[in-house]
Amino acid sequence: MTMKKRAPGFETLAIHAGQEPDLATGATIVPIYQTSTFTQHGIGGHKGFQYARSSNPTRSALEKCLASLEGASFGLAFSSGMAAISAVLSTLRPGDHVVASADIYGGTYRLFEKVCKPQGLDFTYADGRDPGNFARALGPKTRLAWIETPTNPLLSLADISAISGSCRAKGVKVAVDNTFASPYFQKPLALGADIVVHSTTKYVGGHSDVVGGAMLTSVREVYDAVKFHQNAAGGVPGPFDAWLTLRGLKTLAIRMKRHAENALAVAEHLSKHPAVESVIYPGLSSHPQHDLARRQMTGFGGMVTFRVKGARPAADAFFKALKVFSFAESLGGVESLVCHPATMTHSSFPASVRERLGITEGTVRLSVGIEDAADLVADLDAAFSAAG
Ligand SMILES: *Cc1c(COP(=O)(O)O)cnc(C)c1O
């Protein structure tokens with residue numbers, strides 16, 4: 001009897017994929033190849049590397065590792081999440097139409113509206129909570145569907161496989177920004193999407209010490225076009241940034257487990273707090289899409305959003321009193337952060353759009369870190385008391 005060879009698990013890939021001992025020296029950890037150029041032994045005599053904008057061995061290791069974690073054939077790393085998103089959009093041409101989730105990352109919305117639109121792309125924003133909204137927005141010129149799930153900051157979900165199904169039928173490619181869930185909790189390609197992007201600044205890097213992005217796909221023509229743009233436009237990460245990201249990736253699985261445990265503890269606690277109007281966390285059965293979260297994700301992530309009673313003044317006093325949570329933009333690091341989306345991450349949305357989406361002045365977003373959960377809960381309680 002022949003046994004089918006078992007594919008390596010996520011944790012094993014995170015630590016080993018693309019990271020064989022260094023061929024030149026045997027170094028166990030992928031070295032930081034801090035070089036811009038590679039000496040060639042005669043015409044055409046290079047070892048796969050010629051100039052570091054085109055490729056660099058430290059970056060290649062990161063690209064291979066990230067691709068393996070998303071179940072993709074190809075991976076490309078960028079200098080930031082926005083550079084990765086911009087590279088994907090660069091594959092479109094004037095007149096092409098994109099359907100995007102309505103409450104996407106503020107920077108993505110700004111790129112679409114202020115950079116891509118003036119260059120001739122057309123956008124329709126659809127509420128991803130009903131996949132029918134995406135299906136209905138597809139037109140003859142639609143080339144790309146842009147999904148964020150869970151969304152930022154309202155943590156609403158889009159059904160990746162339902163949307164991918166309707167897009168596939170019309171030849172429209174589907175891209176998922178998987179930053180919030182990370183590949184540990186959600187695998188968009190396995191659910192039918194064509195492209196995954198990450199801000200690796202967040203959970204993938206995981207330590208708030210490096211900015212980066214990535215694009216993963218198994219579609220050869222998408223890879224070729226985005227790779228062409230990566231080299232032509234040059235938004236690449238330096239070798240040290242690639243190395244830091246690769247180092248962060250090694251512990252992604254254990255960090256994500258802990259983020260999710262702590263986030264659930266915080267969300268459950270906030271749900272019972274008298275100063276809190278409502279709590280949004282996909283892992284709570286009160287989340288309107290809890291069933292979809294259970295179907296499409298293998299864990300609910302580390303982001304928790306809630307609304308305080310008494311709107312902005314109450315929120316402001318609350319922020320000032322927190323000690324363990326830092327009042328800062330960004331998310332996904334080992335340390336807990338808190339932010340005010342209406343004036344920070346989502347200030348690039350017009351007030352009317354924020355209002356319609358429900359990003360109110362009293363909305364607070366937590367990136368729950370991996371500290372002792374009891375300390376996090378105590379910090380929130382103390383800040384509520386101080387805010388009166
Ligand atoms: C942060 C973020 C981005 C942008 O990534 P940068 O690394 O900051 O350029 C894109 N999408 C989501 C969901 C993000 O959280």
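Look a little higher up for the structure.
The present account deals with the structure reproduced in this document. Note that the structure is predicted; figures quoted are calculated from it, not measured. (Residues numbered from 1 in each chain as written. Predicted model: local features only at pLDDT ≥ 70, side-chain atom pairs only at ≥ 80, totals over all residues. Heavy atoms only, no water.)

## Observations concerning the packing of aromatic side chains
With the rule as written, the count across this model stands at 15 aromatic pairs. A ring pair is formed by Phe38 and Phe49, whose centres lie 5.5 Å apart and whose planes are at 35°; its orientation type is tilted. Here the residue Phe38 occupies a position in the loop between helix 1 (10–16) and helix 2 (57–70), and Phe49 occupies one in the loop between helix 1 and helix 2, the gap between them amounting to 11 residues. A network of ring pairs unites the aromatic residues Tyr109, Phe112, Phe123, Tyr125 and Trp146 as a single cluster. (Phe/Tyr/Trp six-rings, centres within 6.5 Å; stacked < 30°, edge-to-face > 60°. Helix = DSSP H or I, 4+ residues; strand = E, 2+ residues; numbered from the N terminus.)

## Section: the sheet that holds strand 7 (residues 213–217)
A sheet is described by the order of its strands in space; here 7 strands give the open sequence 1-7-6-5-4-2-3, paired in mixed fashion. Both outer strands of the open sheet, strand 1 (74–78) and strand 3 (122–126), are each paired with one neighbouring strand and no more. Averaged over neighbouring strand pairs, the angle between their axes works out to 20° when direction is ignored. Inspection of the sheet shows strand 6 (residues 195–199) paired to strand 7 by 5 bridges, in the antiparallel sense. The partner of Val196 across the bridge, within strand 7, is Leu216. (Pairing = 2+ DSSP bridges. Axes fitted to C-alpha atoms, helices over the stretch in contact; angles between N-to-C directions.)

## Let's talk about the state of the cysteines
One pass over the structure, following the stated rule, counts 0 disulfides. No disulfide involves Cys116; its sulfur sits 18 Å from that of Cys167, the nearest cysteine. By relative accessible area, which is 5% here, Cys116 ends up buried. (Disulfide = S-S within 2.5 Å. Buried < 20%, exposed > 50% of the residue type's maximum accessible area, 1.4 Å probe, protein only.)

## Describing the site of the ligand
Inspection of the region around the ligand gives 14 residues, with Met82, Asp177, Ser199, Thr201 and Lys202 positioned closest. Taking Gly81, its main chain carries an N or O atom lying 2.9 Å from an oxygen atom of the ligand. Between an oxygen atom of the ligand and a main-chain N or O atom of Met82, the distance comes to 2.9 Å. Contact with the protein chains covers 92% of the free accessible surface of the ligand, which is 380 Å². Element by element, the count of residues in the shell around the ligand is highest for helix 3 (residues 81–89), at 3 residues. Per-class residue counts for the shell around the ligand are 5 nonpolar, 6 polar and 3 charged. (Near = heavy atom within 4 Å. Polar contact = N/O pair within 3.5 Å; in protein donor to acceptor, adjacent residues only side chain to side chain. Areas by Shrake-Rupley, 256 points an atom, 1.4 Å probe, with all protein chains shown as cover. Nonpolar A, V, L, I, M, F, W, Y, C, P; charged D, E, K, R; others polar.)

## Observations regarding the pattern of salt bridges
Scanning all chains against the criterion turns up 10 salt bridges. Here Arg59 ties to Glu63 by a salt bridge, and the two come within 3.4 Å at their closest N and O atoms. Within this pair, Arg59 and its partner Glu63 are both found in helix 2, separated by 4 residues, close to a single helical turn. Given the relative accessible area of 1%, Arg59 is considered buried. Residue Asp224 is joined to Arg220 by a salt bridge in which the shortest nitrogen-to-oxygen separation is 3.5 Å. Placement of both Asp224 and Arg220 in helix 8 (residues 220–233) is noted, with a separation of 4 residues, approximately one turn of the helix. (Salt bridge = Lys/Arg side-chain N within 4 Å of Asp/Glu carboxyl O.)

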